[in-house]
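A look at the structure
Listed below are the residues making up each chain.
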Amino acid sequence: MMQMLLLPLLQQLSQQSRWQLWLTPAHKLNRAWLQQSGLPLDKSMHIADSERLNAVEAMIKALRTGNYSVVLAWIPYELDEDERRQLENAAAEGDALGLILRSSGSPEAPLGPQNALKIQSDLFH
């Protein structure tokens, strides 16, 4: 699934002059995977943060700047309605795409649309 949906999108977005930002909790982004996948290391930025508010706030600020074509965040819990609204507004303001990655074993029930696409991630080590 990852190869068919997310990777082509990230490759296409990497053609823009803007950066790709990866926000992760204590995980380190797998640079070898980035290179093997054809994603540019020179336009990929990684910030590790484990706090819920910091991750959501950082994502909102990054989306709003317009410096990133995409902001990917590893957030293993469901967002509340206010967080979703803020993220949507920030993405629109910065003309950017925001993607939230989480493991498929998340214990919380989804708050939003039940048909939302979930992609498992092995991008981190």
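Residues numbered from 1 in each chain as written. Predicted model: local features only at pLDDT ≥ 70, side-chain atom pairs only at ≥ 80, totals over all residues. Heavy atoms only, no water.

Details of the overall build of the protein chain
Just so we agree on the cut-off: Only runs of H or I of at least four residues qualify as helices and only runs of E of at least two qualify as strands under DSSP, and these elements are numbered from the N terminus. Partly exposed residues are those whose accessible area sits between 20% and 50% of the maximum for their type, while under 20% is buried and over 50% is exposed, using a 1.4 Å probe and protein chains only. Contact criterion: two residues are considered in contact whenever any of their non-hydrogen atoms come within 4.5 Å of each other. All accessibility values rest on the Shrake-Rupley procedure with a 1.4 Å probe; residue burial counts only the protein chains present in the view.
Within the protein chain, the secondary structure is distributed over four helices and four strands. Taken over 125 residues, the protein chain has a buried fraction of 41%. By sequence separation, contacts in the protein chain at least 24 residues apart represent 76% of the contacts at least 6 residues apart. For the protein chain, the computed accessible surface area is about 7,200 Å², with 51% contributed by carbon and sulfur atoms.

Quick notes on the nonpolar core
Under the convention used in this document: The term nonpolar core refers to a set of buried residues drawn from Ala, Val, Leu, Ile, Met, Phe, Trp, Tyr and Cys, joined through side-chain atoms within 4.5 Å.
Within the largest apolar cluster, 18 residues are counted, with the highest numbers of intra-cluster contacts made by Met 59, Leu 63, Val 71 and Ile 75. Those elements giving two or more residues to this core turn out to be β1 (19–24), α3 (52–65), β3 (68–74) and α4 (81–94). At six residues, the largest contribution of residues to this core is made by α3. Those residues in contact with Val 71 that lie beyond four places of it in its chain are Leu 21, Leu 23, Met 59, Ala 62, Leu 63, Leu 97, Gly 98 and Leu 99. Counting residues in each nonpolar core, the second largest holds 14 residues, with Leu 10, Leu 13, Trp 22 and Trp 74 among its members.

Observations concerning the confidence of the model for the protein chain
Detailed reading of the predicted model is not advised wherever pLDDT is low. Counted only if it meets this: In predicted models, pLDDT denotes the confidence assigned by the predictor to each residue on a 0 to 100 scale.
Looking at the protein chain as a whole, the pLDDT averages 80, with 74% of positions reaching at least 70. Considering each helix and strand of the protein chain separately, the mean pLDDT is smallest for helix α1 (residues 2–13), with a value of 81, and largest for α4, with 96. Segment residues 108–125 is flagged for pLDDT under 50; beyond a separation of four residues in sequence, or across chains, it makes 40 contacts in the model.

Quick look at the pattern of salt bridges
As a reminder of what qualifies: For salt bridges, the criterion is a side-chain nitrogen of Lys or Arg within 4 Å of an Asp or Glu carboxyl oxygen.
On inspection of all chains with the given rule, the structure shows three salt bridges. Arg 84 is the salt-bridge partner of Glu 78, the closest N and O atoms lying 3.2 Å from each other. According to the relative accessible area criterion, Glu 78 is buried, its value standing at 7%. A salt bridge links Asp 82 to Arg 85; its shortest N-O distance comes to 2.1 Å. Taken together, the positions of Asp 82 and Arg 85, both in helix α4 and three residues apart, correspond to about one turn of that helix. Using a relative accessible area of 35% as the deciding quantity, one classes Asp 82 as partly exposed. Judged by its relative accessible area of 43%, Arg 85 is partly exposed.

Some details on the environment of Ala 55
Position of Ala 55 relative to the elements: it lies in helix α3. A C-alpha to C-alpha distance of 7.3 Å links Ala 55 and Ala 73, two positions 18 residues apart in sequence.

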